[in-house]
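Here is what each chain is made of, one letter per residue.
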Amino acid sequence: MMKNKLNVVWWVIGLVFLAFFPKLFGIYYTNVVVTMAIFAVYSLSVNMLLGYTGLLSFGQAMFFGFGGYGTALALTHIPGIGVLPAIGLGVLAAVALALILSPLVVRVSGTAFAMLHLAFGQLMYVLALKLYNITGGEDGIANFPVPGLFTESLKSSPEHFYYLAMVILGISTWLMWYMTKTPFGQIQVGIRDNAKRIDYLGYRVPQSKAVIYVLSALFAGVAGSVYGLFHNLVSADGSLGIGMSFTPIISVMIGGVGSFFGPILGVAIFQLVDELILRYTESTELVMGVILIVVVMFMPTGFMGLFRTLRQKISTRRTPEAKKEKA
Amino acid sequence: MNILETKDLKHSFGPLAVLFGVDLQIEEGERHAVIGPNGAGKTTLFNTITGTYHPTSGRVFFKGKDITGYKPYKLARIGIGRSFQITSTFTNLTAFQNIRLAILSKDGVRFNLLRPVEKMKKITEETDEMLKRINLYDDRNTPAASLSYGKSRALEISMALATNPELVLLDEFAAGMSKEETADAVALIRKLTEGKTVVIIEHDMDVVFSLADRITVLHYGKILATGKPEEIRNNQAVKDAYLGDLEV
């Protein structure tokens with residue numbers, strides 16, 4: 001009970017902090033937080049496949065991109081459409097793509113799954129470049145209207161955009177977290193550990209994988225949609241490129257694959273390193289590369305795993321002392 | 001009545017034939033052992049019955065119904081469970097979570113994204129009850145990968161039984177166990193399979209003769225003999241082919 005109350009207090013403090021963030025830290029850091037939140041949701045969608053189901057995809061950017069393009073196209077072509085329906089249409093595009101691919105991709109795993117996604121991802125990237133009339137080719141779609149919920153446009157009020165984005169991304173994060181707590185979340189980790197046994201226990205593995213796949217695409221679509229609105233630009237390189245498929249994988253690896261909050265930590269580290277390194281050099285990849293090597297070699301469970309091990313060591317060191325004191 | 005029957009079951013891996021027409025008959029409620037030398041096709045027989053492989057030809061019947069080629073999940077749902085020779089648990093999950101996955105399936109909670117599983121009291125109670133019955137309650141929160149060999153085997157067997165199947169096939173449940181662990185496992189199986197039909201594959205003749213009501217001897221992909229333990233013990237063909245120099 002005490003612990004629960006303490007948790008509530010922390011949650012309230014966290015929410016109040018986020019609510020006053022733009023006032024306290026100004027617009028530059030507010031935008032940093034929005035970027036982090038977008039990539040947190042995107043990385044969580046990757047972790048849903050990689051960490052919780054054991055599926056490595058090299059093409060998650062398809063869903064991120066479909067979310068972005070869907071929303072941008074809706075705002076460009078449908079006059080008077082609200083921001084939420086536009087996001088909804090983007091997410092729907094991502095979900096529709098996942099539904100089309102799911103019958104094929106749920107029957108493979110391991111390298112085949114990864115490579116199949118590499119192929120589909122590149123296909124979508126090239127399509128976006130070639131279908132100039134729809135996607136704007138290399139230029140992408142830019143300067144589409146971004147209506148607010150209460151104001152005409154969010155373009156000139158980044159503070160309002162911050163609140164809208166944070167609510168949508170916050171709800172998405174909560175939904176993904178909640179999912180891990182349900183029986184279905186248990187089946188998901190069961191598939192990761194031992195798909196054959198899940199089958200023999202009476203669960204349908206391909207169908208369960210399909211549901212996870214579509215949900216993962218849904219949240220990648222949410223992230224991509226908000227990302228497009230945030231930059232007021234959706235382009236093949238910015239949203240669909242192979243780099244966009246790898247970024248969340250790196251965040252997940254660095255933060256801690258399989259732990260729910262690991263990817264969020266990974267994104268935070270990613271952003272922090274970016275912020276700091278950019279002051280000295282343009283080659284942020286160099287530093288991220290070194291960090292990734294260290295993590296892969298020495299910290300298979302990422303920084304989250306490292307923190308956990310440290311905490312365990314501290315608590316085991318404490319208990320004997322505590323016992324001594326009692327005696 | 002036979003709960004499980006195979007008719008002329010054949011299976012080949014490419015040009016390599018493993019089963020040459022097996023007519024297995026398992027009576028309802030019995031404990032039946034399938035024995036035979038290495039390479040006789042015992043595990044392949046299990047795998048063709050339980051949907052790991054689709055048999056090359058022949059049919060499998062469960063309670064008179066043709067179940068040839070049924071997928072494992074479907075067999076689980078109609079009441080057939082199996083355990084594996086090589087321990088096949090969820091290694092990163094705790095003993096509790098392992099059993100809970102079986103209980104969830106048994107209670108038909110296979111697709112629920114709305115309620116936290118921790119709040120499903122009935123599921124938690126049933127899982128804990130099962131853990132107590134198999135003497136793993138003290139290891140409730142231990143990851144399966146960290147359990148001792150005997151305990152992880154007990155978990156392996158219990159997962160097959162926790163879905164409450166009518167028919168359960170246990171593939172060498174005592175493989176690699178010490179004498180004491182084997183005795184515990186036999187007691188456990190007696191306790192958990194009351195009223196169920198059990199088919200075991202086993203090499204340990206002490207286990208076979210203490211547990212089985214009837215025995216089928218498989219030899220080079222064919223049934224050599226089926227009968228009560230004494231009949232098998234005294235069967236000349238079986239002695240020649242397999243039991244020959246075993247002190248039984």
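No experiment lies behind these values; they were computed from the predicted model shown. (Residues numbered from 1 in each chain as written. Chains lettered and ligands numbered in written order. Predicted model: local features only at pLDDT ≥ 70, side-chain atom pairs only at ≥ 80, totals over all residues.)

1. Some thoughts on the sheet that holds strand β10 (residues 214–219) of chain B
All names here are of chain B. Reading across from one edge, β7-β8-β9-β4-β10-β11 is the order of the six strands in this open sheet, with mixed pairing throughout. Unpaired on one side and paired on the other, β7 (80–83) and β11 (222–227) mark the two borders of the sheet. Between one strand axis and the next, the sheet turns through 15° on average, direction left out of account. Summarising the sheet, β10 and β11 pair through five bridges and their orientation is antiparallel. Its bridge partner lying in β11, T216 is registered against T226. Packing of helix α5 (residues 149–162) onto the sheet brings it into contact with β7 and β8 (167–171), and relative to β7 it is tilted by some 175°. (Pairing = 2+ DSSP bridges. Helix = DSSP H or I, 4+ residues; strand = E, 2+ residues; numbered from the N terminus. Axes fitted to C-alpha atoms, helices over the stretch in contact; angles between N-to-C directions. Contact = placed C-beta atoms within 7 Å.)

2. Considering the environment of G137(A)
Residue and element names in this part refer to chain A. With respect to the helices and strands, the residue G137 is situated in the loop between α5 (132–135) and β1 (141–142). Overall, the presence of 15 C-beta atoms within 10 Å leaves G137 in the partly exposed class. Residues G137 and V32, 105 residues apart in the sequence, show an inter-C-alpha distance of 28 Å. Those residues in contact with G137 that sit more than four places away from it in its chain are L129 and Y132. (Buried ≥ 20, exposed ≤ 12 C-beta atoms within 10 Å, placed from the backbone.)

3. With respect to the environment of T91(B)
Structurally, the position occupied by T91(B) is in the loop between β7 and α3 (95–106). Look at T91(B) and you get partly exposed, because 15 C-beta atoms sit within 10 Å. Expressed as a C-alpha distance, the spacing of T91(B) and A144(B), which sit 53 residues apart in the sequence, is 4.7 Å. Contact partners of T91(B), with chain neighbours within four places excluded, come to D193(A), P143(B), A144(B) and A145(B).

4. Concerning helix α4 (residues 121–133) of chain B
Note on helix geometry: an α-helix contains 3.6 residues per turn, so any two residues three or four positions apart are oriented the same way. All names here are of chain B. Helix length check: α4 (13 residues) gives 18 Å between terminal C-alpha atoms against 18 Å at 1.5 Å per residue, within 8%. Looking at the packing, one finds that the buried side of α4 touches α3 and α5. Remark: N135 follows α4 within two positions and exhibits a positive phi of approximately 55°. (Expected span 1.5 Å × (residues − 1).)

5. A closer look at helix α6 (residues 179–192) of chain B
All names here are of chain B. Compared with the 20 Å implied by 1.5 Å per residue over 14 residues, the 20 Å span of α6 between its first and last C-alpha is a close match. For α6, every residue scored as buried is listed here: T182, A185, I189 and L192. The buried residues of α6 occupy an angular sector of 100° when the element is viewed end-on, so they sit on one face. Among the exposed residues of α6, those pointing more than 90 degrees away from its buried face are K179, E180, A187 and K191. Looking at the buried residues of α6, the elements they touch are α4, α5 and α7 (205–211). (Arc of directions from axis to C-beta.)

6. Concerning the pairing of strand β5 (residues 57–62) of chain B
Residue and element names in this part refer to chain B. Judged from the five bridges that link them, strand β1 (residues 2–13) and β5 form a sheet pairing that is antiparallel. When the bridges of β5 are listed, L4 appears paired with F62. Sheet topology note: the β5/strand β6 (residues 65–66) ladder contains two bridges and is antiparallel. Across the sheet, F61 pairs through a bridge with D66, a residue of β6. Here β5 folds back onto β6, and the loop between the two strands holds two residues, one of which, K63, carries a positive phi near 50°.

7. What about the interface of chain B and chain A?
Contact residues are listed per partner, giving 28 residues for chain B and 18 residues for chain A. Of all elements in the fold, only α2 (72–78) and α3 of chain B reach the threshold of two or more residues within the side of chain B that touches chain A. Element by element, the count of residues in the side of chain B that touches chain A is highest for α3(B), at six residues. A class-by-class count of the residues in the side of chain B that touches chain A yields 14 nonpolar, eight polar and six charged. (Nonpolar A, V, L, I, M, F, W, Y, C, P; charged D, E, K, R; others polar.)

8. Things to note about the environment of V33(A)
With respect to the secondary-structure elements, V33(A) resides in helix α1 (residues 2–53). According to the C-beta neighbour criterion, V33(A) is partly exposed, with 18 such atoms within 10 Å.

9. Structural notes on the confidence of the model for chain A
Low pLDDT means the predicted atomic positions in that stretch should not be read closely. When pLDDT is averaged along chain A, the result is 90; 96% of the residues meet or exceed 70. When the criterion is pLDDT under 50, residues 321–327 of chain A qualifies, and its contacts beyond four places in sequence or with other chains add up to zero contacts. (pLDDT = per-residue confidence, 0-100.)

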